[in-house]
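So you can see what is in the structure, the chains are spelled out below.
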Amino acid sequence: MFTNVPFPAIFVAMSNKKRVFSGIQPSGDLHIGNYLGAIVNWVRGQDAHDNIFCIVDLHAITVPQDPKKLKANTMELAKVLLASGIDPKKSTLFVQSERPEHSEMGWILNCFTHMGELSRMTQFKEKGGKKETTVGLFDYPVLMAGDILLYDTEEVPVGEDQKQHVEIARDIAQRLNKRVGKVVVVPEPVIKKEGARIMSLTDPTKKMSKSDQNENSYILLRDDAETIRKKFARAVTDSDNKIKFDKAKKPGISNLLNIMSVCTETPIIELEKKYADSNYGQFKTDVAECVIEMLKPIQAKLAEYDKNEDKVRKILADGAEAVAPRAKDTLQRVKKAVGLGL
Ligand code: TYM
């Protein structure tokens, strides 16, 4: 019953750089959780890896979208990624729906995925279960697995909330390899400890999210300095006035330490020492200033891209073309292994 497909040549690394793939949804304004949890790691890892980054608009339509807004959000996200330092000379950036292989791969993988394992996905349990929940939302992790497996990805840098989805991609890959012969690479999630979970500023037990009703809970990448200062000044802390990392007892202060640590690339332990004699007011002001400084060059570049969207369109079109051979190759290999076609 098992056909053994010989280990394909594509698996032999072209260079010793690891293949990295990650994706992000164009679902509205970007916040520092997306930036510190994911984008900053993509940017900082660019030289060491062979990178593909994807704007996953097919994932965005798993919940209702205004078509005009979705298009605008796709452009906005591309500008943010480029302004954040994704360099088209080092990384390939493209829009998921521009490569039909993603949907086709997703379908094949659907047939190697069990209903039970998708029902256990935490994010689906949180967001799904309503009368209007789409099949797409339920199936979302399989499309994500398709994204990852299409490019023989070795590492997937994500925030903590996506870990379970990368794990199911591993399970699907292993099942496929077991059933039809080794045909896809089994990926690994890469989650940096600091930044993995940036929490809401108003309720630090919840992750920072753009779907939060309270706009003081998140810092948007386009927020101006005054707004950022105000939001941090209002950030929820505790009453013991000690700047110490303790997620369980001091979630607010721990979140601010985390944010400062990733922004300044300084270990939390050093920040604790630096602020041992400071009060919360001073600390919050300094965290706000770090974030403002971090965002300044990004916002300046964003303003340039705002004036040159054609350049962004060209980068995305080139990206979709550049990944085509890899995507087609893997899909063909998988189809053959599964027994599709003649
Ligand atoms: P998305 O668009 O929700 O989030 C993009 C990235 O941002 C991270 N993130 C956070 N990190 C820390 N703290 C937060 N508060 C926070 N909020 C978001 C996420 O972990 C993620 O890394 N399904 C994915 C997109 C996707 C994908 C893929 C990712 C589609 N295909 C293939 C990797 C590989 C998603 O919805 O991420």
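Attention now goes to the site of the ligand. Inspection of the region around the ligand gives 26 residues, with Gln-25, Tyr-140, Asp-147, Asp-161 and Ile-198 positioned closest. At a separation of 2.9 Å, an oxygen atom of the ligand approaches a polar backbone atom of Gly-159. Note that an oxygen atom of the ligand is positioned 2.4 Å from one of the side-chain N or O atoms of Asp-161. Compared with its free state, where it exposes 720 Å², the ligand has 96% of that area covered by protein. Only strand S1 (18-24), helix H1 (32-44) and helix H7 (135-150) provide two or more residues apiece to the shell around the ligand. Class assignment for the residues of the shell around the ligand results in twelve nonpolar, eleven polar and three charged.

The topology assignment puts Arg-234 in the loop between helix H9 (225-233) and helix H10 (251-264). Sequence spacing of Arg-234 and Ile-298 is 64 residues, and the spatial spacing of their C-alpha atoms is 24 Å. Beyond its immediate sequence surroundings of up to four residues, Arg-234 is in contact with Asn-216 and Lys-284. Within the structure, the side chain of Arg-234 is placed 3.5 Å from the side chain of Asn-216, a separation counted as a polar contact.

Looking at the assigned domains, one finds that the protein chain contains domain 1 (2-196 + 309-338) and domain 2 (215-304). Spacing between the C-alpha centres of domain 1 and domain 2 amounts to 30 Å. Between domain 1 and domain 2, the contact holds 15 residues from the first and 19 residues from the second. Summed over both partners, the interface of domain 1 with domain 2 buries about 1500 Å², with 70% contributed by carbon and sulfur atoms.

Here the focus is the packing of helix H3 (residues 67-84) against helix H13 (residues 309-338). Contact geometry of H3 with H13 gives a least axis separation of 10 Å together with a crossing angle of 85°. With respect to each other, H3 and H13 are oriented roughly perpendicular. Contacts between H3 and H13 involve Met-75, Ala-78, Lys-79 and Leu-82 on the former and, on the latter, Glu-309, Val-312, Arg-313, Ile-315 and Leu-316. Residues belonging to the contact of H3 with H13 are distributed by class as follows: six nonpolar, no polar and three charged.

One finds Ile-32, Phe-232, Ile-259 and Val-291 to be the most contacted residues of the largest nonpolar core, which totals 58 residues. Broken down by element, the residue count for this core peaks at twelve residues, all from helix H12 (residues 280-306). Both domains that furnish three or more residues to this core are identified here as domain 1 (2-196 + 309-338) and domain 2 (215-304). The contact partners of Ile-32, leaving out residues within four places of it in the chain, are Gly-37, Ile-198, Met-208, Ile-219, Leu-221, Phe-232, Ile-259, Val-291, Met-294 and Leu-295. Counting residues in hydrophobic clusters, the runner-up holds 38 residues, among them Phe-112, Leu-118, Leu-137 and Phe-138.

Quantified by volume, the second largest pocket comes out at close to 410 Å³. In terms of lining, the second largest pocket is formed by 14 residues, of which the most central are Lys-71, Thr-74, Met-75, Val-95 and Glu-98. At the level of secondary structure, the elements contributing two or more residues to the lining of the second largest pocket comprise H3 and H13. When its residues are assigned to classes, the lining of the second largest pocket shows seven nonpolar, two polar and five charged.

Conventions adopted
- Residues numbered from 1 in each chain as written.
- Predicted model: local features only at pLDDT ≥ 70, side-chain atom pairs only at ≥ 80, totals over all residues.
- Heavy atoms only, no water.
- Near = heavy atom within 4 Å.
- Polar contact = N/O pair within 3.5 Å; in protein donor to acceptor, adjacent residues only side chain to side chain.
- Areas by Shrake-Rupley, 256 points an atom, 1.4 Å probe, with all protein chains shown as cover.
- Helix = DSSP H or I, 4+ residues; strand = E, 2+ residues; numbered from the N terminus.
- Nonpolar A, V, L, I, M, F, W, Y, C, P; charged D, E, K, R; others polar.
- Contact = heavy atoms within 4.5 Å.
- Domains from an automatic or database assignment.
- Buried area = accessible area lost by both parts, 1.4 Å probe.
- Axes fitted to C-alpha atoms, helices over the stretch in contact; angles between N-to-C directions.
- Parallel < 35°, antiparallel > 145°, perpendicular 65-115°, else oblique.
- Core = buried A, V, L, I, M, F, W, Y, C linked by side-chain atoms within 4.5 Å.
- Buried < 20%, exposed > 50% of the residue type's maximum accessible area, 1.4 Å probe, protein only.
- 1 Å grid on protein atoms, 1.4 Å probe; cavity = no way out; pocket = protein on both sides within 12 Å on 5 of 7 lines; lining within 4 Å.
- Points joined across faces, edges and corners; volume = space filled by probe spheres on them.

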